[in-house]
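Results of the structural survey
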Amino acid sequence: MTEPTRRNVLRGAAALAAGGVAATYTSGAAAHATTGAAAAERHPFLEGAFAPVREEVTAFDLPVTGRIPRELAGRYLRTGPNVLGLEDPRAHHWMLGEGMVHGVRLRDGRAEWYRNRWVRSSGVAAKLGEPYPWPVPAEDFAPNTHVISHHGRILALQESGPPPYELDGELNTLGPYDFGGSLDGAYTAHTKFDARADELHAVTYHPTWDHVRHLVVDRGGRVVRTHRIEVADNPMMHDFALTERYVVVFDVPVTFDPQPGKVVPYKWNLNHPARVGVMKRSGGPVRWFGVDPVFYSHTLNAYEHGSSVVVDLTTMPAPFEVSGKLGYGGPSASGPPVLERWTIDLARGSVRRRVLDDRPQEFPRVNESLVSRRHRYGYAASPGELLDVYLDKPANTFGNALIKHDFRGGRSEVHRFGPGAAASEAVFVPSAGSKAEDDGYALAYVHNPDRGASDLVILSAQDFTAKPLARVHLPKPVPLGFHGSWVAD
(Lines give C-alpha, C1' and ligand atoms only; values in the text may rest on other atoms or scores of the structure.)
Protein backbone atom coordinates (compact mmCIF):
# COMPACT_ATOMS: atom_id res chain seq x y z
CA MET A 1 0.00 0.00 0.00
CA THR A 2 1.42 3.41 -0.95
CA GLU A 3 1.55 6.44 1.29
CA PRO A 4 -1.67 8.46 1.64
CA THR A 5 -2.23 10.77 -1.28
CA ARG A 6 -1.53 14.46 -0.83
CA ARG A 7 -5.25 15.17 -0.99
CA ASN A 8 -6.03 12.70 1.78
CA VAL A 9 -3.22 13.96 3.97
CA LEU A 10 -4.39 17.54 3.52
CA ARG A 11 -7.90 16.43 4.42
CA GLY A 12 -6.75 14.34 7.34
CA ALA A 13 -5.55 15.08 10.83
CA ALA A 14 -1.90 14.98 9.87
CA ALA A 15 -2.80 17.77 7.44
CA LEU A 16 0.76 17.92 6.22
CA ALA A 17 2.58 17.68 2.89
CA ALA A 18 3.03 14.00 2.10
CA GLY A 19 5.77 14.87 -0.32
CA GLY A 20 8.15 15.38 2.61
CA VAL A 21 8.05 11.72 3.55
CA ALA A 22 9.46 8.87 1.51
CA ALA A 23 9.81 5.16 2.18
CA THR A 24 13.55 5.34 2.82
CA TYR A 25 13.84 3.30 6.00
CA THR A 26 17.12 1.45 5.68
CA SER A 27 18.91 -0.70 8.28
CA GLY A 28 16.89 0.83 11.11
CA ALA A 29 17.81 4.41 10.26
CA ALA A 30 15.90 7.26 8.69
CA ALA A 31 17.83 8.70 5.79
CA HIS A 32 18.19 12.46 6.18
CA ALA A 33 19.15 14.79 3.35
CA THR A 34 22.47 16.29 4.35
CA THR A 35 23.89 17.76 1.18
CA GLY A 36 23.72 21.14 -0.47
CA ALA A 37 21.62 23.90 1.02
CA ALA A 38 19.71 21.51 3.26
CA ALA A 39 22.89 20.59 5.14
CA ALA A 40 23.54 24.22 6.08
CA GLU A 41 20.05 24.79 7.44
CA ARG A 42 18.92 24.19 10.97
CA HIS A 43 16.09 21.71 11.43
CA PRO A 44 15.22 21.97 15.13
CA PHE A 45 12.40 19.41 15.01
CA LEU A 46 15.02 16.83 14.01
CA GLU A 47 17.63 17.85 16.61
CA GLY A 48 18.20 17.94 20.34
CA ALA A 49 15.19 16.98 22.43
CA PHE A 50 13.14 16.44 19.24
CA ALA A 51 15.57 14.08 17.52
CA PRO A 52 13.64 11.00 16.36
CA VAL A 53 14.77 7.60 17.55
CA ARG A 54 15.80 5.23 14.79
CA GLU A 55 14.75 1.86 16.14
CA GLU A 56 12.28 0.04 18.31
CA VAL A 57 13.68 -1.19 21.61
CA THR A 58 12.59 -3.67 24.27
CA ALA A 59 14.46 -3.54 27.58
CA PHE A 60 13.70 -5.51 30.75
CA ASP A 61 14.40 -4.92 34.46
CA LEU A 62 15.26 -1.27 34.09
CA PRO A 63 17.67 0.33 36.57
CA VAL A 64 16.06 2.68 39.08
CA THR A 65 17.37 5.46 41.28
CA GLY A 66 15.15 5.75 44.35
CA ARG A 67 12.18 3.54 45.03
CA ILE A 68 9.10 2.95 42.87
CA PRO A 69 5.91 2.93 44.98
CA ARG A 70 4.70 -0.67 45.02
CA GLU A 71 1.10 0.41 44.50
CA LEU A 72 1.94 1.66 41.00
CA ALA A 73 0.82 -1.31 38.92
CA GLY A 74 0.25 -0.57 35.27
CA ARG A 75 1.75 1.10 32.21
CA TYR A 76 2.78 4.68 31.68
CA LEU A 77 2.26 5.40 27.97
CA ARG A 78 2.99 8.51 25.96
CA THR A 79 3.00 9.12 22.23
CA GLY A 80 4.46 11.66 19.86
CA PRO A 81 5.73 12.21 16.32
CA ASN A 82 8.74 10.11 15.33
CA VAL A 83 9.42 10.50 11.63
CA LEU A 84 10.20 7.27 9.80
CA GLY A 85 12.08 7.84 6.54
CA LEU A 86 12.74 11.44 5.54
CA GLU A 87 13.85 12.59 2.11
CA ASP A 88 13.90 16.36 2.61
CA PRO A 89 14.11 17.93 6.10
CA ARG A 90 12.95 21.25 4.64
CA ALA A 91 9.51 19.73 4.01
CA HIS A 92 9.27 18.33 7.53
CA HIS A 93 7.27 19.63 10.46
CA TRP A 94 7.23 18.12 13.93
CA MET A 95 3.57 17.16 13.62
CA LEU A 96 4.32 15.23 10.42
CA GLY A 97 6.11 12.36 12.14
CA GLU A 98 4.46 8.96 12.37
CA GLY A 99 3.23 8.18 15.87
CA MET A 100 5.47 6.23 18.22
CA VAL A 101 4.22 5.10 21.63
CA HIS A 102 6.69 4.83 24.52
CA GLY A 103 5.75 2.71 27.52
CA VAL A 104 7.11 1.60 30.89
CA ARG A 105 5.55 -1.32 32.78
CA LEU A 106 5.58 -0.90 36.59
CA ARG A 107 4.69 -3.66 39.05
CA ASP A 108 5.70 -4.70 42.59
CA GLY A 109 8.14 -1.82 42.91
CA ARG A 110 9.96 -2.76 39.69
CA ALA A 111 10.22 -1.32 36.21
CA GLU A 112 9.63 -4.56 34.31
CA TRP A 113 10.11 -3.22 30.79
CA TYR A 114 10.40 -0.30 28.43
CA ARG A 115 9.10 -0.49 24.87
CA ASN A 116 8.79 1.98 22.02
CA ARG A 117 6.72 1.06 18.97
CA TRP A 118 5.57 2.85 15.85
CA VAL A 119 1.84 2.55 15.32
CA ARG A 120 1.45 0.27 12.30
CA SER A 121 -0.56 2.32 9.86
CA SER A 122 -0.46 1.13 6.25
CA GLY A 123 2.34 3.61 5.52
CA VAL A 124 4.45 2.58 8.51
CA ALA A 125 4.00 -1.10 7.69
CA ALA A 126 5.16 -0.45 4.13
CA LYS A 127 8.26 1.43 5.28
CA LEU A 128 9.16 -1.35 7.69
CA GLY A 129 8.59 -4.02 5.04
CA GLU A 130 5.76 -5.61 6.99
CA PRO A 131 2.34 -6.79 5.83
CA TYR A 132 -0.70 -4.68 6.64
CA PRO A 133 -3.38 -7.27 7.47
CA TRP A 134 -6.42 -4.98 7.79
CA PRO A 135 -8.57 -3.06 5.29
CA VAL A 136 -6.81 0.26 4.69
CA PRO A 137 -8.86 3.19 6.04
CA ALA A 138 -9.83 5.91 3.58
CA GLU A 139 -7.56 8.33 5.44
CA ASP A 140 -4.72 6.50 7.12
CA PHE A 141 -1.99 7.85 9.37
CA ALA A 142 -0.07 6.52 12.37
CA PRO A 143 -1.73 8.52 15.21
CA ASN A 144 0.84 10.64 17.01
CA THR A 145 -1.10 12.88 19.40
CA HIS A 146 -2.59 10.92 22.32
CA VAL A 147 -2.90 7.44 23.73
CA ILE A 148 -5.73 6.55 26.12
CA SER A 149 -7.41 3.52 27.62
CA HIS A 150 -11.14 2.90 27.57
CA HIS A 151 -12.61 -0.15 29.28
CA GLY A 152 -9.74 -2.47 28.48
CA ARG A 153 -8.75 -1.03 25.09
CA ILE A 154 -5.64 1.05 24.47
CA LEU A 155 -6.23 3.57 21.67
CA ALA A 156 -3.75 5.78 19.82
CA LEU A 157 -5.55 8.94 18.68
CA GLN A 158 -5.32 11.54 15.94
CA GLU A 159 -7.78 14.26 15.03
CA SER A 160 -9.59 15.32 11.88
CA GLY A 161 -9.54 12.25 9.66
CA PRO A 162 -7.49 9.14 10.41
CA PRO A 163 -9.12 6.56 12.67
CA PRO A 164 -7.79 5.56 16.09
CA TYR A 165 -5.56 2.49 16.23
CA GLU A 166 -5.89 -0.13 18.95
CA LEU A 167 -2.77 -1.45 20.73
CA ASP A 168 -2.26 -4.40 23.03
CA GLY A 169 -0.57 -4.28 26.42
CA GLU A 170 2.87 -4.67 24.85
CA LEU A 171 2.25 -1.87 22.34
CA ASN A 172 1.72 -4.09 19.33
CA THR A 173 -0.78 -2.68 16.84
CA LEU A 174 -4.10 -4.54 16.67
CA GLY A 175 -5.46 -2.48 13.77
CA PRO A 176 -7.65 0.57 13.10
CA TYR A 177 -10.54 0.98 15.53
CA ASP A 178 -13.96 2.35 14.53
CA PHE A 179 -15.82 1.74 17.80
CA GLY A 180 -17.50 -1.40 16.58
CA GLY A 181 -18.54 0.17 13.28
CA SER A 182 -20.33 3.04 15.04
CA LEU A 183 -17.85 5.81 14.16
CA ASP A 184 -18.87 7.81 11.09
CA GLY A 185 -15.95 9.95 9.97
CA ALA A 186 -13.22 11.65 11.95
CA TYR A 187 -12.39 11.29 15.62
CA THR A 188 -10.37 13.46 18.01
CA ALA A 189 -7.06 13.42 19.85
CA HIS A 190 -8.56 14.95 23.00
CA THR A 191 -11.29 12.92 24.58
CA LYS A 192 -12.90 13.64 27.96
CA PHE A 193 -13.94 10.72 30.14
CA ASP A 194 -16.66 11.44 32.70
CA ALA A 195 -16.02 8.78 35.34
CA ARG A 196 -19.36 9.22 37.11
CA ALA A 197 -21.43 9.00 33.94
CA ASP A 198 -19.06 6.37 32.47
CA GLU A 199 -19.05 8.23 29.14
CA LEU A 200 -16.24 9.08 26.76
CA HIS A 201 -16.84 12.42 25.02
CA ALA A 202 -15.23 13.85 21.89
CA VAL A 203 -15.57 16.88 19.63
CA THR A 204 -14.48 16.00 16.09
CA TYR A 205 -13.77 18.10 13.00
CA HIS A 206 -12.74 17.59 9.38
CA PRO A 207 -11.68 20.09 6.69
CA THR A 208 -14.53 19.04 4.37
CA TRP A 209 -17.30 19.45 6.95
CA ASP A 210 -19.46 22.54 7.47
CA HIS A 211 -19.85 21.54 11.12
CA VAL A 212 -18.12 19.83 14.03
CA ARG A 213 -19.55 16.88 15.95
CA HIS A 214 -19.98 16.08 19.61
CA LEU A 215 -19.81 12.31 20.11
CA VAL A 216 -20.52 10.16 23.17
CA VAL A 217 -19.09 6.65 23.49
CA ASP A 218 -20.59 4.25 26.04
CA ARG A 219 -18.76 1.71 28.22
CA GLY A 220 -19.20 -0.91 25.51
CA GLY A 221 -17.14 1.15 23.07
CA ARG A 222 -19.92 2.32 20.75
CA VAL A 223 -20.84 5.84 19.64
CA VAL A 224 -24.32 6.24 21.10
CA ARG A 225 -24.94 9.98 20.54
CA THR A 226 -23.87 12.44 17.85
CA HIS A 227 -24.73 16.15 17.75
CA ARG A 228 -23.71 18.46 14.92
CA ILE A 229 -22.61 22.05 15.54
CA GLU A 230 -22.52 24.32 12.51
CA VAL A 231 -19.32 26.36 11.99
CA ALA A 232 -17.85 28.36 9.11
CA ASP A 233 -14.43 28.23 7.40
CA ASN A 234 -13.41 24.74 8.58
CA PRO A 235 -11.66 25.78 11.81
CA MET A 236 -9.12 23.68 13.66
CA MET A 237 -10.81 22.50 16.89
CA HIS A 238 -8.01 20.75 18.71
CA ASP A 239 -9.56 20.42 22.18
CA PHE A 240 -12.79 21.16 24.06
CA ALA A 241 -14.11 21.16 27.62
CA LEU A 242 -16.80 19.25 29.48
CA THR A 243 -18.87 19.98 32.58
CA GLU A 244 -21.63 17.98 34.26
CA ARG A 245 -24.26 19.53 31.99
CA TYR A 246 -22.41 21.25 29.14
CA VAL A 247 -19.97 20.82 26.27
CA VAL A 248 -17.72 23.82 25.62
CA VAL A 249 -16.25 24.34 22.13
CA PHE A 250 -13.69 26.90 20.96
CA ASP A 251 -14.05 28.39 17.47
CA VAL A 252 -10.89 30.41 16.87
CA PRO A 253 -9.36 32.01 13.74
CA VAL A 254 -7.16 29.08 12.65
CA THR A 255 -8.88 27.74 9.54
CA PHE A 256 -8.18 25.31 6.71
CA ASP A 257 -5.98 26.71 3.93
CA PRO A 258 -4.95 24.03 1.39
CA GLN A 259 -2.57 26.15 -0.65
CA PRO A 260 -0.03 24.15 -2.70
CA GLY A 261 3.34 23.92 -1.00
CA LYS A 262 2.14 24.62 2.53
CA VAL A 263 3.63 22.22 5.06
CA VAL A 264 0.64 22.69 7.38
CA PRO A 265 -2.56 23.68 5.53
CA TYR A 266 -4.00 25.97 8.23
CA LYS A 267 -3.65 29.71 8.65
CA TRP A 268 -4.53 32.57 10.95
CA ASN A 269 -7.74 33.97 9.42
CA LEU A 270 -8.34 37.63 10.21
CA ASN A 271 -11.90 37.36 8.88
CA HIS A 272 -12.93 34.53 11.20
CA PRO A 273 -14.24 35.84 14.54
CA ALA A 274 -13.13 34.12 17.73
CA ARG A 275 -15.88 32.74 19.94
CA VAL A 276 -16.64 30.10 22.54
CA GLY A 277 -19.80 28.00 22.47
CA VAL A 278 -21.75 26.26 25.23
CA MET A 279 -24.14 23.40 24.44
CA LYS A 280 -26.04 21.02 26.69
CA ARG A 281 -24.51 17.56 26.75
CA SER A 282 -27.84 16.18 25.56
CA GLY A 283 -27.65 18.39 22.45
CA GLY A 284 -29.68 21.35 21.26
CA PRO A 285 -28.71 24.89 20.24
CA VAL A 286 -25.28 26.34 21.00
CA ARG A 287 -24.92 29.67 22.79
CA TRP A 288 -22.01 31.57 21.28
CA PHE A 289 -19.95 34.21 23.09
CA GLY A 290 -17.50 36.45 21.26
CA VAL A 291 -13.94 36.79 22.58
CA ASP A 292 -10.88 38.74 21.50
CA PRO A 293 -8.72 36.94 18.90
CA VAL A 294 -6.66 34.27 20.64
CA PHE A 295 -5.59 30.69 20.13
CA TYR A 296 -6.36 28.17 22.84
CA SER A 297 -4.12 25.16 23.02
CA HIS A 298 -5.38 22.66 25.61
CA THR A 299 -8.02 22.64 28.30
CA LEU A 300 -7.07 21.57 31.82
CA ASN A 301 -10.66 21.06 33.04
CA ALA A 302 -14.03 22.78 33.32
CA TYR A 303 -16.87 22.93 35.84
CA GLU A 304 -20.06 24.80 36.67
CA HIS A 305 -20.21 27.50 39.33
CA GLY A 306 -23.63 29.03 39.85
CA SER A 307 -24.79 30.39 36.49
CA SER A 308 -21.29 30.28 35.05
CA VAL A 309 -19.09 27.73 33.29
CA VAL A 310 -15.43 27.94 34.34
CA VAL A 311 -12.69 26.66 32.02
CA ASP A 312 -8.96 26.52 32.79
CA LEU A 313 -6.85 26.32 29.63
CA THR A 314 -3.58 27.28 27.99
CA THR A 315 -3.71 30.05 25.38
CA MET A 316 -1.35 31.68 22.90
CA PRO A 317 -1.68 35.30 21.76
CA ALA A 318 -2.78 36.28 18.29
CA PRO A 319 -1.77 35.79 15.61
CA PHE A 320 -1.15 32.06 15.94
CA GLU A 321 0.89 31.10 12.90
CA VAL A 322 0.70 27.34 12.50
CA SER A 323 4.07 27.11 10.78
CA GLY A 324 6.76 29.62 10.03
CA LYS A 325 9.85 29.57 7.86
CA LEU A 326 10.73 26.19 6.42
CA GLY A 327 7.69 24.72 8.12
CA TYR A 328 9.15 24.58 11.60
CA GLY A 329 8.78 28.15 12.80
CA GLY A 330 6.92 29.21 15.85
CA PRO A 331 3.21 28.69 16.22
CA SER A 332 3.40 30.97 19.25
CA ALA A 333 5.72 33.50 17.69
CA SER A 334 3.64 36.29 19.25
CA GLY A 335 4.30 34.93 22.73
CA PRO A 336 4.49 31.72 24.75
CA PRO A 337 1.50 29.77 26.04
CA VAL A 338 0.17 30.79 29.44
CA LEU A 339 -2.51 29.44 31.76
CA GLU A 340 -5.85 31.29 31.74
CA ARG A 341 -9.29 30.95 33.32
CA TRP A 342 -12.34 31.74 31.23
CA THR A 343 -15.56 32.34 33.16
CA ILE A 344 -18.55 32.11 30.84
CA ASP A 345 -21.49 33.82 32.56
CA LEU A 346 -24.60 32.24 31.09
CA ALA A 347 -26.91 34.66 32.90
CA ARG A 348 -25.18 37.84 31.73
CA GLY A 349 -24.04 36.53 28.38
CA SER A 350 -20.38 37.44 28.89
CA VAL A 351 -16.92 35.89 29.06
CA ARG A 352 -14.28 37.04 31.54
CA ARG A 353 -10.68 36.04 30.83
CA ARG A 354 -8.04 36.05 33.54
CA VAL A 355 -4.40 34.98 33.38
CA LEU A 356 -3.73 32.54 36.22
CA ASP A 357 -0.02 32.11 35.52
CA ASP A 358 1.98 33.96 32.88
CA ARG A 359 5.00 31.66 33.02
CA PRO A 360 5.44 29.69 29.76
CA GLN A 361 3.68 26.33 30.11
CA GLU A 362 1.80 23.72 28.14
CA PHE A 363 0.13 20.30 28.35
CA PRO A 364 -2.13 20.99 31.36
CA ARG A 365 -3.56 17.95 33.16
CA VAL A 366 -5.86 17.28 36.10
CA ASN A 367 -6.77 14.36 38.34
CA GLU A 368 -8.82 12.51 35.71
CA SER A 369 -11.50 11.46 38.21
CA LEU A 370 -12.54 15.14 38.36
CA VAL A 371 -13.03 15.74 34.64
CA SER A 372 -16.19 17.89 34.28
CA ARG A 373 -16.25 18.69 38.03
CA ARG A 374 -14.60 21.32 40.17
CA HIS A 375 -10.89 20.80 40.70
CA ARG A 376 -8.41 22.37 43.05
CA TYR A 377 -5.13 21.21 41.52
CA GLY A 378 -3.67 21.07 38.04
CA TYR A 379 -0.31 20.16 36.49
CA ALA A 380 1.58 21.63 33.53
CA ALA A 381 4.97 21.35 31.84
CA SER A 382 7.46 24.01 30.81
CA PRO A 383 9.73 22.30 28.25
CA GLY A 384 12.27 25.00 27.46
CA GLU A 385 13.46 23.58 24.14
CA LEU A 386 9.91 23.28 22.82
CA LEU A 387 9.16 26.88 23.70
CA ASP A 388 12.43 28.12 22.22
CA VAL A 389 11.68 26.45 18.87
CA TYR A 390 8.09 27.61 18.78
CA LEU A 391 9.09 31.19 19.48
CA ASP A 392 12.08 30.90 17.12
CA LYS A 393 14.09 32.66 19.85
CA PRO A 394 14.95 32.02 23.49
CA ALA A 395 11.71 31.87 25.47
CA ASN A 396 13.36 33.21 28.62
CA THR A 397 11.80 30.35 30.46
CA PHE A 398 12.50 29.70 34.09
CA GLY A 399 13.98 26.33 33.21
CA ASN A 400 12.76 22.90 32.25
CA ALA A 401 10.14 22.23 34.88
CA LEU A 402 6.84 20.75 35.94
CA ILE A 403 4.32 22.97 37.70
CA LYS A 404 1.64 22.07 40.23
CA HIS A 405 -1.12 24.67 40.54
CA ASP A 406 -3.28 25.11 43.64
CA PHE A 407 -6.22 27.11 42.32
CA ARG A 408 -7.96 27.38 45.66
CA GLY A 409 -4.86 28.65 47.43
CA GLY A 410 -3.78 30.79 44.49
CA ARG A 411 -0.23 29.46 44.49
CA SER A 412 1.96 27.01 42.63
CA GLU A 413 4.96 24.76 43.16
CA VAL A 414 7.69 24.19 40.62
CA HIS A 415 9.87 21.11 40.23
CA ARG A 416 12.91 22.15 38.19
CA PHE A 417 15.08 19.77 36.20
CA GLY A 418 17.76 22.09 34.90
CA PRO A 419 19.46 22.79 31.56
CA GLY A 420 19.08 20.10 28.93
CA ALA A 421 16.50 18.19 30.96
CA ALA A 422 13.44 18.69 28.79
CA ALA A 423 10.30 17.58 30.63
CA SER A 424 7.25 16.15 28.88
CA GLU A 425 3.63 16.31 30.01
CA ALA A 426 2.99 15.10 33.58
CA VAL A 427 0.18 12.62 34.20
CA PHE A 428 -1.39 12.37 37.67
CA VAL A 429 -1.88 8.88 39.11
CA PRO A 430 -3.96 8.62 42.32
CA SER A 431 -2.80 6.58 45.28
CA ALA A 432 -4.80 3.49 46.15
CA GLY A 433 -7.80 4.52 48.23
CA SER A 434 -6.85 8.20 48.04
CA LYS A 435 -9.29 10.70 49.45
CA ALA A 436 -7.40 13.96 48.86
CA GLU A 437 -7.39 15.26 45.29
CA ASP A 438 -3.59 15.44 45.16
CA ASP A 439 -2.88 12.17 46.99
CA GLY A 440 -0.88 10.43 44.33
CA TYR A 441 1.98 10.79 41.89
CA ALA A 442 3.02 12.85 38.88
CA LEU A 443 4.74 10.80 36.15
CA ALA A 444 6.67 12.29 33.23
CA TYR A 445 9.44 11.45 30.81
CA VAL A 446 12.41 13.77 31.37
CA HIS A 447 15.60 13.89 29.33
CA ASN A 448 18.71 13.04 31.32
CA PRO A 449 21.57 15.04 29.71
CA ASP A 450 24.22 13.15 31.69
CA ARG A 451 23.15 9.84 30.12
CA GLY A 452 21.96 11.08 26.75
CA ALA A 453 18.72 9.18 27.36
CA SER A 454 15.43 9.70 29.19
CA ASP A 455 14.14 8.86 32.64
CA LEU A 456 10.62 8.15 33.79
CA VAL A 457 10.43 10.50 36.77
CA ILE A 458 7.96 9.76 39.58
CA LEU A 459 7.14 12.69 41.88
CA SER A 460 4.99 12.76 44.99
CA ALA A 461 2.17 15.13 44.10
CA GLN A 462 1.88 16.18 47.75
CA ASP A 463 5.62 16.86 48.06
CA PHE A 464 6.07 18.22 44.58
CA THR A 465 9.37 20.07 44.93
CA ALA A 466 11.13 17.24 46.77
CA LYS A 467 13.61 14.86 45.24
CA PRO A 468 11.84 12.40 42.90
CA LEU A 469 10.63 9.24 44.54
CA ALA A 470 12.15 7.33 41.64
CA ARG A 471 13.92 7.77 38.34
CA VAL A 472 13.52 4.84 35.97
CA HIS A 473 16.48 4.94 33.59
CA LEU A 474 15.42 4.18 30.02
CA PRO A 475 17.92 2.86 27.48
CA LYS A 476 17.10 5.51 24.87
CA PRO A 477 15.86 9.09 24.63
CA VAL A 478 12.13 9.73 24.45
CA PRO A 479 11.79 12.68 22.03
CA LEU A 480 9.63 15.58 23.09
CA GLY A 481 6.10 14.60 22.11
CA PHE A 482 2.51 15.13 23.03
CA HIS A 483 0.16 13.32 25.39
CA GLY A 484 -0.16 10.14 27.36
CA SER A 485 -1.99 8.18 30.02
CA TRP A 486 -1.54 5.88 32.97
CA VAL A 487 -3.12 2.52 32.18
CA ALA A 488 -3.72 0.81 35.51
CA ASP A 489 -3.87 -2.98 35.81
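Calculation notes
- Residues numbered from 1 in each chain as written.
- Predicted model: local features only at pLDDT ≥ 70, side-chain atom pairs only at ≥ 80, totals over all residues.
- Heavy atoms only, no water.
- Pairing = 2+ DSSP bridges.
- Helix = DSSP H or I, 4+ residues; strand = E, 2+ residues; numbered from the N terminus.
- Axes fitted to C-alpha atoms, helices over the stretch in contact; angles between N-to-C directions.
- Salt bridge = Lys/Arg side-chain N within 4 Å of Asp/Glu carboxyl O.
- Buried < 20%, exposed > 50% of the residue type's maximum accessible area, 1.4 Å probe, protein only.
- pLDDT = per-residue confidence, 0-100.
- Contact = heavy atoms within 4.5 Å.

1. Quick word on the sheet that holds strand E11 (residues 173–176)
Spatial strand order, E8-E9-E10-E11: 4 strands in an open sheet with antiparallel pairing. Every interior strand has two partners, whereas the edge strands, strand E8 (146–150) and E11, have only one. Pairs of neighbouring strands in the sheet enclose a mean axial angle of 30 degrees, with direction left out of account. The pairing of strand E9 (residues 153–157) with strand E10 (residues 165–167) spans 3 bridges and is classified as antiparallel. Counted as the bridge partner of Leu 155 is Glu 166 from E10.

2. A word on the pattern of salt bridges
Pairing between side chains of opposite charge can happen when the charged atoms of each approach one another. Evaluated as defined, the whole model comprises 32 salt bridges. Put simply, Arg 281 and Asp 194 hold a salt bridge, and the shortest N to O gap is 2.9 Å. In this pair, Arg 281 sits in the loop between strand E20 (275–280) and strand E21 (287–290) while Asp 194 sits in strand E12 (residues 192–194), placing the two residues 87 residues apart along the sequence. Residues Arg 365 and Glu 368 are paired through a salt bridge, measuring 3.3 Å at the closest nitrogen-oxygen approach. You can call Arg 365 buried: its relative accessible area is 10%. Relative accessible area serves as the criterion here: at 37%, Glu 368 is assigned to the partly exposed category.

3. Topic: the confidence of the model for the protein
Per-residue pLDDT for the protein has a mean of 88; in total, 88% of the residues score no lower than 70. Every residue in residues 325–330 scores below 50 in pLDDT, and together they form 22 contacts with partners more than four places removed in sequence or on other chains.

4. Things to note about the environment of Asn 271
As for its position among the elements, Asn 271 is in the loop between strand E19 (266–268) and E20. Here Asn 271 falls in the exposed class, since its relative accessible area comes to 71%. Sequence separation between Asn 271 and Asp 233 is 38 residues; the distance between their C-alpha atoms is 9.6 Å.

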